[in-house]
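Working through the structure, step by step
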Amino acid sequence: MDTVITVAVVVGALVVLLLVAAVVVKARYKIASPSEALIIVGRKGRPVTNPQTGEVTTDLSGQKVVMGAGVFVKPLVQQAHRLSLASVRIPISIRGAVSRQGIRLNVDGVAIVKVGGTEDLVRAASQRFLQQQGEIEPFTQEVLAGSLRGVIGTLTVEEIIRDRVAFARQVEEEAVTSLNNQGLVLDTLQIQDVSDDGNYLQDLGRPEAANARRAAEIAEANNAQEAQQAQALSDAKIAQAQRDLALQQAQFRADQDKAAAEADAAGRLAEAAAQQQVLLEQERVAQRQAELTERNLDTEVRKPADARRYEAEQQAMAQKTARVLSAEAEQQASVAAAQAEAERVRLSAEAEAARVRVAAEAELERRTADANAVRLEGQAQAEALSATGAAKAEALQKEARALREFGEAALTQRALEVLPQVAQALASPIAGIKDLTVISNDGAGALSRSVGTNLQETLEVLKRTTGVDLAGVFRSPGPERGPERGPQRGPVREDEPRGGDGQAPGAVIMEG
């Protein structure tokens, strides 16, 4: 039981403490409205050293400024003060301010002033006006009055009157520094009235007033002149209307007189008109008779002729139309045939081009195959020629070695091998003779001697050109002797007896 009582007492004490703490917190938590600033004091500012004098002072950072927010003010060590940021309307009125021309002026205006919205401006204003915020208005009036007098002393009366906006701007620029140093801001300055104690401003406006009066008088005179001109124009129009009326009346009288004269002459003209009517009637009768005759002529002569002519024209036109249609049909047929022929030629050309292309491709393949075959055949022939040349070279080398080794015997062997070929070559001219007539006492023996003589001469020429003595090779070993020659016959002399045909004895006539 005692424990429960103790717990209840402790809980009650805690609740009381919490309530007291909540009340204290609520009492010490301050919230700044939009039109005021809270200045919390109780902290020490930061030390600041003057770089010129070396003096150490404390800045204003210990004064905390809160605008539009809430802050908890510590009990016993901090205090909160409220400074209004609302704008203040301050009337400004100065008397006897001297302009640059020496004219004394009276100026009335109104200024809107408030404490600045930055922390520095709030701190500066709190130092000066926190406990005496009512002093803001007289201070501002004094500053602006001094600025107004200073600016007026630099301007003429005309400049002040004609451009009040520039005048107010100069006053603002003159006073802004002094107000900012006090933490105040000049929102606007309006100059309401400028006057003087004398007649300067009134006299200043007299030329304009005179000009206005003169302009008004000129306007009145112009209006009067225009009125007179309008009246004269109206009178002229009235006179013109009266003249037109008189002319119209005279015209009416002339028309009446003319009508009377015409009525007087109407009687005399009636008889002439009747006679004229008779003549006209007779003329119409004659004209009708002529028209009847003309119609008969048209009916009996002209219209049949026109009908025949029209029929001939229609027939000619029909024939012409038929010919034109026939020509157009022929032309269309020709065009269609030409188009068909062109299409056929185009298709034929395309088919021919396709055939040529296929043939070209086949020819290209064939030629490629032929080229490959020729290349392979050339390679085979080259290989065969190379092998043949190698074999011939080897045979020649062997033959040369054999000739060097066997000497004269080899030469003899070679001479014996080629001797039949030499004999065949020497006898080949004789072998081609078809008919042979021998006119000689010796008979056919002269022919064999001729062949032998040719062989000896051939061997002699070979010896002189190559140095190879085949005749010597053919001789058997024994004492060296000159080459044997067959009986030779010298040239035929002029005193030798000739045959009956004029030829020398022993001459051979060969006919091919």
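Residues numbered from 1 in each chain as written. Predicted model: local features only at pLDDT ≥ 70, side-chain atom pairs only at ≥ 80, totals over all residues. Heavy atoms only, no water.

1. Examining the confidence of the model for the chain
Here is the rule: For every residue, the pLDDT score states the predictor's confidence, bounded by 0 at the bottom and 100 at the top. Helix and strand labels come from DSSP, where a helix needs a run of H or I of at least four residues and a strand needs a run of E of at least two; each type is numbered from the N terminus.
Per-residue confidence for the chain averages 76 on the pLDDT scale, and 80% of its residues sit at or above 70. Model confidence for the chain, summarised as mean pLDDT per element, is weakest for strand 12 (residues 507-511) at 42 and strongest for strand 9 (residues 104-115) at 90.

2. Quick word on the packing of helix 3 (residues 136-152) against helix 5 (residues 164-181)
Going by this rule: Convention adopted: a line fitted to C-alpha atoms gives each axis, helices being fitted over their contacting stretch, and angles between N-to-C directions are expressed from 0 to 180 degrees. An angle counts as roughly parallel when it lies under 35 degrees, as roughly antiparallel when it exceeds 145, as roughly perpendicular when it falls between 65 and 115, and as oblique in every other case. Whether a crossing is left-handed or right-handed is set by the direction in which the near helix is turned from the far one by less than a right angle, anticlockwise for left-handed and clockwise for right-handed. The contact rule is simple, with two residues in contact once any of their heavy atoms fall within 4.5 Å. In this classification, Asp, Glu, Lys and Arg are treated as charged, Ala, Val, Leu, Ile, Met, Phe, Trp, Tyr, Cys and Pro as nonpolar, and every other residue, Gly included, as polar.
Where helix 3 meets helix 5, the closest approach of the two axes is 9 Å, and the angle between their N-to-C directions is 130°. By the angle between their directions, the pair helix 3 and helix 5 is classed as oblique. At the point where helix 3 passes helix 5, the crossing takes the right-handed sense. Between helix 3 and helix 5, the residues in contact are Phe-139, Thr-140, Val-143, Leu-144, Ser-147, Leu-148, Val-151 and Ile-152 and Phe-167, Gln-170, Val-171, Glu-174, Ala-175, Ser-178 and Leu-179, respectively. When the residues that make up the contact of helix 3 with helix 5 are grouped by side-chain class, the tally is ten nonpolar, four polar and one charged.

3. Topic: the side chain of Glu-36
To be explicit about the condition: Polar contacts, as used here, are pairs of N or O atoms within 3.5 Å; protein pairs need one atom able to donate a hydrogen and one able to accept it. Residues neighboring in sequence count only if both atoms are side-chain atoms.
You can see Glu-36 is positioned in strand 2 (residues 36-41). A distance of 2.4 Å separates polar atoms of two side chains, one belonging to Glu-36 and the other to Arg-82. Other than its neighbours up to four places away in sequence, Glu-36 contacts Ile-31, Met-67, Gly-68, Arg-82, Leu-83, Ser-84 and Leu-85.

4. Some words on the pattern of salt bridges
Stated precisely, the cut-off is as follows: In what follows, salt bridge is the name for a side-chain nitrogen of Lys or Arg lying within 4 Å of a carboxyl oxygen of Asp or Glu. Each residue gets one of three labels from its accessible area relative to the maximum for its type: buried under 20%, exposed over 50%, partly exposed in between, using a 1.4 Å probe on protein chains only.
Scanning the model with the defined rule gives six salt bridges in all. Put simply, Glu-36 and Arg-82 hold a salt bridge, and the shortest N to O gap is 2.4 Å. Placement of the pair is Glu-36 in strand 2 and Arg-82 in strand 7 (residues 79-84), with a sequence separation of 46 residues. The exposure class assigned to Glu-36 is buried, which follows from its relative accessible area of 16%. Between Arg-95 and Asp-108 there is a salt bridge; the shortest N-O distance is 3.0 Å. Taken as a pair, Arg-95 in strand 8 (residues 88-98) and Asp-108 in strand 9 lie far apart in primary sequence, 13 residues in all. The network of salt bridges with shared partners includes Glu-119, Asp-120 and Arg-123.

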